Amino acid sequence: MIPAQFDYVAPTSVEDALAALAEHGDDAKIIAGGQSLLPVLRMRLNAPEIVIDLGRIDSLRGVRDDGDAIVIGAMTPHSVVGADPLVNEHALLIARAVEHLADAQVRHRGTFGGALAHADPAGDLGAPVRALGASFVIQGAGGTRTVSADDFFVDLFETAIGDDEILTAVRVPKHTGWGAHYEKFVRVAHQWPIVAVAATVRVEGGAIAEARIGLTNMGSTPLRATAVEAALAGQPATEDAVRAAAAHAAERTSPPSDLNGDADYRRHLATVITRRAVLAAAGG
Amino acid sequence: MTATQERPADAVDREIGRDRRRKEDQRLITGRTRWTDNIVLPGMLHLAMVRSPFAHATITGIDTSAARSAPNVVAVLTGADFGEELGVCINAWPITPDQVAPVHCPMPSDRVSFAGEIVAVVVARSAAEARDAAELVDVEYDELPAALDLKAAAADEVIAHPDLGTNKSALWVFDSGEAGTGGNVEDAIGKARTDGIVIEREYRQQRLIPAFMEPRSVVVDPTGEQYVMYSATQIPHILRFALAATTGVSESKIRVIAPDVGGGFGGKLQVTPEEWIAWAVGRRIGKPVKYTETRSESLMSAHHGRDQWQKLTLSAEKDGTVTGLKVELLADLGAYVAIVGGGVPVLGAFMFNAIYKFPAYHFACQTVLTNKTWTDAYRGAGRPEATYAIERLMDELAAEVGADPLAIREKNWIRHEEFPFTTVAGLEYDSGNYEAATAKAREMFGYDELRSEQMARRASGDPVQLGIGVSTFTEMCGLAPSRVLGQLDYGAGGWEYASVRMLATGKVEVTTGASAHGQGHETAFSQIVADRLGVAFEDVEILHGDTAVAHKGLDTYGSRSLAVGGEALVRAADKVVEKATPIAAHLMEASVDDIEFAGGRFSVRGTDQGMAIGEIATAVFAAHNLPDGVEASLDSDATYDPVNFSFPHGTHLCAMEVDTETGALRMRKYVACDDIGNIINPLIVSGQVHGGLVQGIAQALWEEAVYDEGGTLVSGSFVDYLLPTAADTISFDIDHTTSPATTHSLGVKGVGEAGTIASTPAVVNAVVDAVRHLGVTDIQMPCTPERVWKAINGPGAGGSTEGAAMPHFEAGGAAGNQEQPGTSSTEGAGQ
């Protein structure tokens, strides 16, 4: 597995990285943790002329408190995100999803922003980030703009990041005190999820006051199960009530068919997994 | 661990039976060792292969000019550039005299027969430059219709090799009525149709990929008087023979070295196009060359395993006493008849009757050519297929009779007092005790408690149901008595060779023709020699895998190394003692009749006089004072040809939880009580059993090589070909009973394949058992959650696997080198 030859630069500021991107245009690829790009290069599915490594830009790393939100730097490794106290306090759903993301090696090398920018609908971070209503901070030559999670994911491997832009951070509104669970259905542990459900709920007096549900691998982008969210609001956190609400989980989804199951099976799974995720989030 | 094994009184000092840590592991695990790809020779050039992206196509042109002018490219060669010097890849086991087999040219110039076949080779100064230039070779193909589906291929709907006119390669038949080993199976089935039970099933053995850890690699050095080939192979001796036989180079001019080899599972029991091409290129260019495959190439073009349809008919009396078994197989050879090829299902022919007393048996196997990767041995080779079929059928029979699956087996198995027992397939089982292994497994498992829990879950309609699977397997190991192989038209014998060299300092060098590729031969063989010669374990060095060092041998496969190679070693060591005895007598001025040898020491009976074997070795080295007419050497060798196979057996019990809402499976408990005869090293045995179990469980639950309608392997990476890791398995409970093999002195039977053979049906039986009350009688392997859920929720057991992979890496199909890279990027800043 030998990639085609490429040049390599490792700028130390976002500005320098943007300049390199502007200079090389389509011939450049940005590398973050490399956990998706390196296999692509090694299998020669892509052959950029230059790889721009964001690994030396310190400002892209870390998690900070920003009032009603926390801000996760794009180059923060998954393992750091999962262990971060702010994430665990205010966005527990993300911590729960990170626990199930790939394996320990990948969690140490792969980055939060890199995985989201790769936009694999089977990736584990898209669903929780959509469920939490995060927004994406994207920097270009003209400055910085912010894109909502609903607008960020465009299609399979396609996001709102422009060719001359870089994702610098993800801003996650605080969901302090919300219960959370990420239920991932796989055949072997290291696999991408066949279907996964990210659920976070605010429970008040035994009832689900608010619920936010994200679906992994149920379409060409991470999805939000808004019908389930609406059906859950105000319901008791009981098996029967949640089952009825979760029955809406597959609505407006278009899951893939592949070696691990056809679309109909995935639609069925989504309802079962959603029920389990919500009950676990409400109980935990 | 070996509760019933009798130990000599001095057992504490003996090496055999000790759980020695493997002496070879540190270097193997750290990689600081002689893997083929680690070998670097002066002036060495590197090869990259250009492979067909099509399953079946005519090659209409190959333009190598761009590749030839790429930086540091030395040559680009195609099949047309070579003549007969390229040789052919051989089939060593034509299973019938009229077997239809295409000539297997390592690099065809006219037509490709499977996706992944080599059409050109690039030679460059570095591996990267060779790879880059391979992308520039422009091959024009005219695509031909491809024979992909096994049943359709067997009906000759599309012909894989048009010049042959048929896909049907060979029909191999065994019939107990004709052979005189039993009755007529049609009579038995006919009778059962009127007043007994007939179980008819069709099972699929999916295609598997051996997926050894070390990719295949070959280095050819043509710069000495002997041409040297280093190869990551299981079979250096057979490889040398085949090179001599097909490339016109004298055998005496060929040295083959299998340095440290990182796994094989049968997948390196092959002579490969890559080896033949490297050989031809090295000779043509006159410089050392190296080729190491990528993982993608390995999955696509190294041989695959299994791939059968099994049509089975079992007849029995109403009480469940079996009366007949009829087996009709279709076996997919892939594009070529590999070195053992059609022989793999034939090995299974003797095992479908298993441990049961079938009065009548009929076996017929039709081997079929298709346009897929060629198939050959994969851990178990024929025996897992047979064991799966019979153990699944015995569960079906139990369900039909309404009996416990263990009880139905006990009713039909060979009782321990009936050994030796000649089976309906004509084999003589020398030893075994199915009652003892089953009783122990049952107790370890907590069989009755788990059955109670199963009943309770059924009664309460628990969404999670529990199933219990049984597999009371046996297998034939210790391949093989040469005479039997001759009767089966196999192209070689089944003996093994060993030599023992006593060094001047009293240390011992052993050579063996059984070349390990991860099994721990160095450790286990050292233990045998240490005991036999009474020397320290650390003082024994095991040398293997180099035809210049261990010049004779038949290599490692079929759980043969210990049962055959170990016995050869015992005999060679005994000859050393025989040669040393008169010298010891002479040095101690005693009569030979008064010399005793024990614990590494020659002593004179009735005196305290004695000499260690190492002292004798030093004296022989000096040769100052030897008896007249005695040569100055203790070195000895032996070639052992087994008189019979060995027959490990065991009882495996598996408990599986089935989530009926999703089809998800969770293994709850797995017990393996194996009778593998005497045990040399219990730690190595545990490792073999654990690894074997996981590989067999993986066939039941996870692994499958899937092709799409174009003949492209879609499970072409470990994203889609699901190999389990430790995270996916549970802690197994293993133990042993011991009925030593009676046909050789070590009493060992072989353990390399036992876990794989036994576990697959145990797991599937457990899955089916969990949901049988919901109307399910079969689930096709691998038992994916989708298949399980569909079996529960609808008619049919889930058909063939969808021919589509998960697109995690953003590009379309890039099966070969012809795709232009880098066209499918989506976002410019994909991180």
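Residues numbered from 1 in each chain as written. Chains lettered and ligands numbered in written order. Predicted model: local features only at pLDDT ≥ 70, side-chain atom pairs only at ≥ 80, totals over all residues.

For chain A, the count of helices and strands is 12 helices and 14 strands. A burial count over chain A gives 55% of its 284 residues as buried. Expressed as a percentage of contacts within chain A between residues at least 6 apart in sequence, the contacts between residues at least 24 apart total 63%. (Helix = DSSP H or I, 4+ residues; strand = E, 2+ residues; numbered from the N terminus. Buried ≥ 20, exposed ≤ 12 C-beta atoms within 10 Å, placed from the backbone. Contact = placed C-beta atoms within 7 Å.)

All names here are of chain B. Taken domain by domain, chain B holds domain 1 (40-144 + 213-263 + 268-301), domain 2 (169-208 + 303-479 + 644-793) and domain 3 (495-640). Of note, the centres of domain 2 and domain 3, computed from C-alpha atoms alone, are 41 Å apart. By residue class, the composition of the side of domain 2 that touches domain 3 is 10 nonpolar, 7 polar and 2 charged. (Domains from an automatic or database assignment. Nonpolar A, V, L, I, M, F, W, Y, C, P; charged D, E, K, R; others polar.)

The next point concerns the sheet that holds strand β25 (residues 636-640) of chain B. All names here are of chain B. In space, the 4 strands of this open sheet follow the order β21-β20-β19-β25, with mixed pairing throughout. Of all strands in the sheet, those with a lone pairing partner are β21 (540-544) and β25, marking the two edges. Averaged over all adjacent pairs, the angle separating strand axes in this sheet is 20°, with direction ignored. As judged from the 5 bridges shared by strand β19 (residues 496-502) and β25, these two strands associate in the antiparallel manner. Paired with valine 500 across the bridge in β25 is serine 636. Packed on one face of the sheet, helix α16 (residues 521-533) meets β19, β20 (508-512) and β21 and runs near 130° to β21. Sheet strands in contact with helix α17 (residues 561-587) are β19, β20 and β25, and its direction is about 145° off that of β25. (Pairing = 2+ DSSP bridges. Axes fitted to C-alpha atoms, helices over the stretch in contact; angles between N-to-C directions.)

It is worth spelling out the environment of alanine 199 of chain A at this point. All names here are of chain A. Its place among the elements puts alanine 199 in strand β12 (residues 195-204). The buried category is assigned to alanine 199, around which 36 C-beta atoms lie within 10 Å. For alanine 199 and valine 80, which are 119 residues apart along the polypeptide, the C-alpha to C-alpha distance reads 21 Å. Non-local contacts of alanine 199, meaning those with residues more than four positions away in its chain, are made with His181, Ala211, Ile213, Thr274, Ala277, Val278 and Ala281.

A few words now on the domain arrangement of chain A. Residue and element names in this part refer to chain A. The assigned domain composition of chain A is domain 1 (7-53), domain 2 (61-173) and domain 3 (179-283). Domain 2 and domain 3 are separated by 20 Å when their C-alpha centres are compared. Listed as interface residues are 19 residues of domain 2 and, on the opposing side, 21 residues of domain 3. For the side of domain 2 that touches domain 3, the secondary-structure elements that each account for two or more residues are α5 (92-99), α8 (126-131) and β8 (153-155). It is α8 that contributes the most residues to the side of domain 2 that touches domain 3, 5 residues altogether. The class makeup of the residues in the side of domain 2 that touches domain 3 is 12 nonpolar, 2 polar and 5 charged.

It is common to report an interface's size as the accessible area lost on association of the parts. Contact with chain A, which involves 47 residues of that partner, is made by 42 residues of chain B. At the level of elements, β2 (28-31), α2 (37-42), α7 (112-118), β9 (158-159), β10 (166-173) and α12 (263-283) of chain A are the ones that each hand at least two residues to the side of chain A that touches chain B. Among the elements that make up the side of chain A that touches chain B, the one with the highest residue count is α7 of chain A (4 residues). For the side of chain A that touches chain B, a count of residues per class yields 26 nonpolar, 11 polar and 10 charged.

Moving on to α17 of chain B. All names here are of chain B. The end-to-end C-alpha separation of α17 is 37 Å, in line with the 39 Å expected for 27 residues at 1.5 Å each. A bend of about 30° at alanine 580 is the largest found in α17, and the proline proline 582 appears one to four places after it. Positive backbone phi, at 55°, marks glutamate 589, one or two positions downstream of α17. (Expected span 1.5 Å × (residues − 1). Bend = angle between axes of the 7 residues up to and from the residue.)

Its 20 residues place the ends of helix α19 (residues 682-701) of chain B 28 Å apart at the C-alpha level, agreeing with the 28 Å of an ideal helix rising 1.5 Å per residue. Burial of α19 of chain B is extensive: 14 of the 20 residues sit out of reach of the surface.

Attention now goes to the environment of isoleucine 52 of chain A. Residues and elements named next belong to chain A. Its place among the elements puts isoleucine 52 in strand β3 (residues 50-53). Taking the C-alpha atoms as reference points, isoleucine 52 and histidine 100, 48 residues apart in sequence, are found 29 Å from one another. Isoleucine 52 has contacts with Val9, Pro11, Ala17, Ala20, Leu21, Ala28, Ile30 and Ile31, leaving out every residue within four places of it along the chain.

This part is about the packing of helix α11 (residues 383-401) of chain B against helix α12 (residues 405-412) of chain B. Residue and element names in this part refer to chain B. One way to put it is that α11 packs onto α12 with a least axis distance of 8 Å and a crossing angle of 105°. One finds that α11 runs roughly perpendicular with respect to α12. For the pair α11 and α12, the contacting residues are Met394, Asp395, Leu397, Ala398 and Val401 in the first and Pro405, Ile408 and Arg409 in the second. Counted by class, the contact of α11 with α12 contains 6 nonpolar, no polar and 2 charged residues. (Parallel < 35°, antiparallel > 145°, perpendicular 65-115°, else oblique.)

Core analysis: the biggest nonpolar cluster contains 345 residues, and Val278 of chain A together with Leu47, Val121, Val122, Val529 and Val767 of chain B have the highest contact counts within it. Tallying contributions element by element places α17 of chain B first for this core, with 13 residues. Dropping the residues within four chain positions of it, valine 278 of chain A is found in contact with Ala199, Val201, Ala211, Leu232, Val242 and Ala246 of chain A. (Core = buried A, V, L, I, M, F, W, Y, C linked by C-beta atoms within 7 Å.)

A regular strand places its side chains on the two faces of the sheet in alternate fashion. The pairing of strand β2 (residues 57-63) of chain B with strand β4 (residues 111-112) of chain B spans 2 bridges and is classified as antiparallel. Bridged to alanine 57 of chain B within β4 of chain B is valine 112 of chain B.

Residue and element names in this part refer to chain B. Strand order in the open sheet formed by 4 strands is β18-β26-β27-β28, and the pairing between neighbours is mixed. This sheet does not close on itself; its edge strands, each paired only once, are β18 (464-474) and β28 (733-736). Averaged over all pairs of adjacent strands, the angle between their axes in this sheet comes to 10°, without regard to strand direction. Where β18 lies against strand β26 (residues 649-659), 11 bridges are found, and the strand directions are antiparallel. Bridge pairing in β26 links leucine 466 to glutamate 657.

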